[in-house]
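Fold and geometry: a report
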Amino acid sequence: MKKTKLQDNFEVLRKIHKNPDASQRELAEELGFSLGKLNYCLKALKDKGLVKINLEKKVKFTVLKYFKKNLKKTD
């Protein structure tokens, strides 16, 4: 069964929540995504205001607080 964009984005959010210090390459590998697909998902999540991307020295992802409650319920 083919996954939807929403499912892909949710998987990305869950991985970021579990390991915010992971690199994009690590996240892509864990999710089975290409780097391009991961970047597409990250941009969509950033545009929706669901993640913050910090580009100082090393990329660091932050899932915004109001969304964290729902992620914990599904872990």
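Structure first, text after, so check above.
Thresholds applied
Numbering of residues begins from 1 in every chain and follows the order in which that chain's sequence is written. Reporting of local features is limited, given that this is a predicted model, to residues whose pLDDT is at least 70; pairs of side-chain atoms are given and counted only at 80 or more, and all residues count toward the totals for whole chains, interfaces and linings. Side-chain metrics in this entry use all non-hydrogen atoms of the structure; hydrogen atoms and water are not considered. We define a nonpolar core as any set of buried Ala, Val, Leu, Ile, Met, Phe, Trp, Tyr and Cys residues linked to one another through side-chain atoms lying within 4.5 Å. Summary of the burial criterion: residues with accessible area below 20% of their type's maximum are buried, those above 50% are exposed, and those between are partly exposed, where the area comes from a 1.4 Å probe applied to protein chains only. Only DSSP runs of H or I reaching four residues or more are called helices, and only runs of E reaching two or more are called strands; each is numbered from the N terminus. Working rule for contacts: check all heavy atoms of both residues, and any pair within 4.5 Å makes them a contact. Along the arc lie the directions from the helix axis toward the C-beta atoms. The aromatic pairing rule takes the rings of Phe, Tyr and Trp, using the six-membered ring of Trp, and pairs them if the centres are within 6.5 Å, calling planes under 30 degrees apart stacked, those over 60 edge-to-face and the rest tilted. A ring is considered to have a charge above it if a Lys NZ or an Arg CZ atom is located within 6 Å of its centre and within 35 degrees of its normal.

1. What about the nonpolar core?
Core analysis: the biggest nonpolar cluster contains 14 residues, and Val12, Ile16, Leu38 and Leu45 have the highest contact counts within it. Elements that contribute at least two residues to this core include exactly helix H1 (5-18), helix H2 (24-31) and helix H3 (35-47). Among the elements that line this core, the one with the most residues is H3, at 4 residues. In this structure, Leu38 is in contact with Val12, Gln24, Leu27, Ala28, Leu31 and Phe33, ignoring residues within four places of it in sequence.

2. Thoughts on the side chain of Asn9
In this structure, Asn9 sits in helix H1. Aside from chain neighbours lying at most four places away, what touches Asn9 is Cys41, Ala44, Leu45 and Lys48.

3. Here we look at H2
All of the buried residues along H2 are Leu27, Ala28 and Leu31. Down the axis, H2 shows its buried residues gathered within 100 degrees of arc, on one side only. Turned more than 90 degrees from where H2 packs its buried face, Arg25 and Glu29 sit exposed.

4. Things to note about the packing of aromatic side chains
Evaluated as defined, the whole model comprises 0 aromatic pairs. Over the ring of Phe33 we find Lys37; its NZ or CZ atom is 4.4 Å from the centre of that ring.

5. Concerning the environment of Glu30
Along the chain, Glu30 falls in helix H2. For the pair Glu30 and Lys15, spaced 15 residues apart in sequence, the C-alpha to C-alpha distance is 8.4 Å.

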